[in-house]
Amino acid sequence: MSERALAQRFNEVVLPHLGDALSLARWLTGNATDAEDVVQDACIKAHAGISGYAGGNARAWLLTIVRNTSYTWMSRNRPRAMVAVGDLGDLDDIAAAHGTSLPDEDGPEASLIARADTAALEAAIAALPQPFRETLVLRDINGLSYREISAMLDVPMGTVMSRLARARGLLASALGRAP
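Treat the numbers as computed from the prediction; the structure is a model and nothing was measured.

Here is what the cut-offs are and how they apply
Residues numbered from 1 in each chain as written. Predicted model: local features only at pLDDT ≥ 70, side-chain atom pairs only at ≥ 80, totals over all residues. Heavy atoms only, no water. Helix = DSSP H or I, 4+ residues; strand = E, 2+ residues; numbered from the N terminus. Expected span 1.5 Å × (residues − 1). Buried < 20%, exposed > 50% of the residue type's maximum accessible area, 1.4 Å probe, protein only. Contact = heavy atoms within 4.5 Å. Polar contact = N/O pair within 3.5 Å; in protein donor to acceptor, adjacent residues only side chain to side chain. Salt bridge = Lys/Arg side-chain N within 4 Å of Asp/Glu carboxyl O. Core = buried A, V, L, I, M, F, W, Y, C linked by side-chain atoms within 4.5 Å.

Given a rise of 1.5 Å per residue, 20 residues ought to cover 28 Å, and the 28 Å separating the end C-alpha atoms of helix α4 (residues 58-77) matches this to within 8%. The complete set of buried residues in α4 reads Ala-58, Arg-59, Ala-60, Leu-62, Leu-63, Ile-65, Val-66, Arg-67, Thr-69, Ser-70, Trp-73 and Met-74. Contact partners of the buried residues in α4: α1 (3-13), α2 (18-29), α3 (32-49), α7 (130-141) and α8 (146-153). Here α4 starts with a cap whose side-chain oxygen sits 2.9 Å from the backbone nitrogen of Arg-59, and that cap is Asn-57.

Summed over all chains, the structure comprises three salt bridges. For the salt bridge of Arg-168 with Asp-140, the shortest nitrogen-to-oxygen distance reads 2.6 Å. Of this pair, Arg-168 sits in helix α9 (residues 157-174) while Asp-140 sits in helix α7, and the two are 28 residues apart along the sequence. Classification of Arg-168 by relative accessible area gives partly exposed; the value is 39%.

As a further point, take the nonpolar core. Among soluble globular proteins, nonpolar side chains are generally buried collectively. Formed by 42 residues in total, the largest nonpolar core has its most connected members in Val-14, Leu-24, Ile-50, Val-66, Leu-136, Leu-138 and Leu-144. The contact partners of Ile-50, leaving out residues within four places of it in the chain, are Leu-6, Arg-9, Phe-10, Val-13, Val-14 and Trp-61.

One non-glycine residue, Asp-154, lies in positive phi territory at about 60°. Topologically, Asp-154 is positioned in the loop between α8 and α9. Overall, Asp-154 belongs to the exposed group, its relative accessible area being 70%.

Quick look at the structure:
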């Protein structure tokens, strides 16, 4: 494949999903600056492997690369005890993508309550054990299917469903809601 054809394929396969890649990297690394470094490394890896991309779900392919790159990056740059926390901006982006927003227009009190709820949700997600947090973020934030998550994490689909159910139950308990 020519260099031009590889560049065109990269543009078609990878570039449309950079926002999702950055969002996943932010949840896994805990901040936007580290996430940008991870996504840049992941894009270099994706570009190097684009000739081997066999088709299928490009988004899942790229997010798999981002996930693996995130863990490699964190193992080199972080102490093991560090906990990853997503940015509040991720939740704002997700709300905007679904046509909702935090209720700033309802007044400062409602905005403060919404921000406190968002912070509590973020902290509860961050406190989940890594396999549960990762599965929850991939399904409920990135919208991957059970099959895609199963392939990405190299676990049976039943394990994905079990982890997701446990993660949601732990979140409900942490937020004081009946599971």
